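Residue-level listing of the chains:
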Amino acid sequence: MIPGTLHGVGLGPGDPDLITRRAARLIETASVIAYPALAGGDSLARAIAADLIPPAAREIVINIPMSHDRAPAQTAYDIGALAIRAELEAGRDVVCLCEGDPLFYGSFMYLHARLKRDFRVEITPGVTSLTACAARAGLPLAARNERVTVLPGPLPDAELESRIAGAESLAIMKVGRHLPRIRAVLDRLGLTGQAIYVERATLPDERVLPLAEAPEDAPYFSMILLTKGADPWL
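Note that the coordinates shown come from a computational prediction; the quantities given were computed from them, not determined experimentally.

With that settled, the discussion passes to the packing of helix α6 (residues 157-165) against helix α7 (residues 179-188). Viewed as axis vectors pointing N to C, α6 and α7 meet at an angle of 45°, and their least axial separation amounts to 10 Å. Between α6 and α7, the interaxial angle falls into the category oblique. Where α6 crosses over α7, the handedness of that crossing is right-handed. On α7, the residues that touch D157, L160, E161 and I164 of α6 are R181, I182, V185, L186 and R188. Considered class by class, the residues forming the contact of α6 with α7 number five nonpolar, no polar and four charged.

With that out of the way, let us pick up the pairing of strand β8 (residues 195-199). Taking burial as the measure, the five residues of β8 include four buried ones, the bulk of the element. Looking at chain direction, β8 and strand β10 (residues 222-227) are connected through five bridges and run antiparallel. Looking at the pairing, V198 lines up with M223 of β10. Note that β8 and strand β9 (residues 207-210) share four bridges and pair antiparallel. Counterpart to Y197 in the pairing with β9 is L209.

Under the counting rule described, the total for this entry stands at three aromatic pairs. Where Y77 meets Y110, the ring centres are 4.9 Å apart and the plane angle is 35°; that geometry is what we call tilted. Within this pair, whereas Y77 is found in helix α3 (residues 70-89), its partner Y110 is found in helix α4 (residues 108-115), the two being separated by 33 residues in sequence. The class for Y77 is buried, based on a relative accessible area of 7%. For the ring pair F104 and Y105, a centre distance of 5.3 Å and an interplane angle of 80° mean the geometry is edge-to-face. We classify Y105 as partly exposed; its relative accessible area is 38%.

What follows is about the environment of A167. Here A167 lies in the loop between α6 and β7 (169-173). In this structure A167 comes out as buried when scored by relative accessible area, which is 6%. Along the backbone, A167 and E146 are 21 residues apart, and their C-alpha atoms lie at a distance of 9.5 Å. Among residues more than four places away in sequence, those in contact with A167 are T149 and K228.

Below, the discussion takes up the environment of P13. Mapped onto the elements, P13 comes out in the loop between β1 (6-10) and α1 (21-28). Judged by relative accessible area, which is 14%, P13 ranks as buried. Between the C-alpha atoms of P13 and I182, which are 169 residues apart in sequence, the distance is 23 Å. Those residues within four positions of P13 in sequence are excluded, and the remaining contacts are L18, G100, V127, S129, A132, A201 and T202.

Moving on: the sheet that holds strand β6 (residues 148-152). The mixed open sheet is built from five strands, whose spatial order is β6-β7-β10-β8-β9. Whereas interior strands pair on both sides, the edge strands pair on one side only; in this sheet they are β6 and β9. The average undirected angle you get between the axes of adjacent strands in this sheet is 20°. Inspection of the sheet shows β7 paired to β10 by four bridges, in the antiparallel sense.

Procedures and definitions
- Residues numbered from 1 in each chain as written.
- Predicted model: local features only at pLDDT ≥ 70, side-chain atom pairs only at ≥ 80, totals over all residues.
- Heavy atoms only, no water.
- Axes fitted to C-alpha atoms, helices over the stretch in contact; angles between N-to-C directions.
- Helix = DSSP H or I, 4+ residues; strand = E, 2+ residues; numbered from the N terminus.
- Parallel < 35°, antiparallel > 145°, perpendicular 65-115°, else oblique.
- Left-handed = near helix turned anticlockwise from the far one by under 90°.
- Contact = heavy atoms within 4.5 Å.
- Nonpolar A, V, L, I, M, F, W, Y, C, P; charged D, E, K, R; others polar.
- Buried < 20%, exposed > 50% of the residue type's maximum accessible area, 1.4 Å probe, protein only.
- Pairing = 2+ DSSP bridges.
- Phe/Tyr/Trp six-rings, centres within 6.5 Å; stacked < 30°, edge-to-face > 60°.

See below:
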């Protein structure tokens, strides 16, 4: 029997209108759909693609626990990969849904690492949260030879400060509970006034604010954008 193909399908940042035509075709014709979900909660990935999922499709839910300890999440991906492996070995393709882009801070990469040696894998890229936030903020990220630096919010303060200080154009992702200390770092560098806060880009409850006006509590799906110097288009 010919094994099935694993498809890592990017869904974009949240608005279903940003799903690519290729991703939509794969989802609409899928016999097996896999996606991550918060353990005991809903799946944003499934919600984004809900209108495209065939009623008869088998669904594999990968329940990811919210924990600072990496071990429970790794176990969840192990279990999910085993369920996907069974479908692939039976000759069925599996479409794995991923918010944003599968290989840009995407959960799919953990399944990819577990299955890529044994099965054919095809990646369908998606609109990233980085480009979606820039679009919603109306903020050009870079021009000509300028560099874009992408940093995860959980980095230690000293590392954040040194990397921000050396950046030209900057995106800080995974802000969430780290917002107060990230804002403190930017305050120390005198950059708060140049920073923009974007929360849940493209979703109905989206917020785009100067960082100085951002709330104290930020969701996981939030980002800080900052460009130093003059408008690159002038």
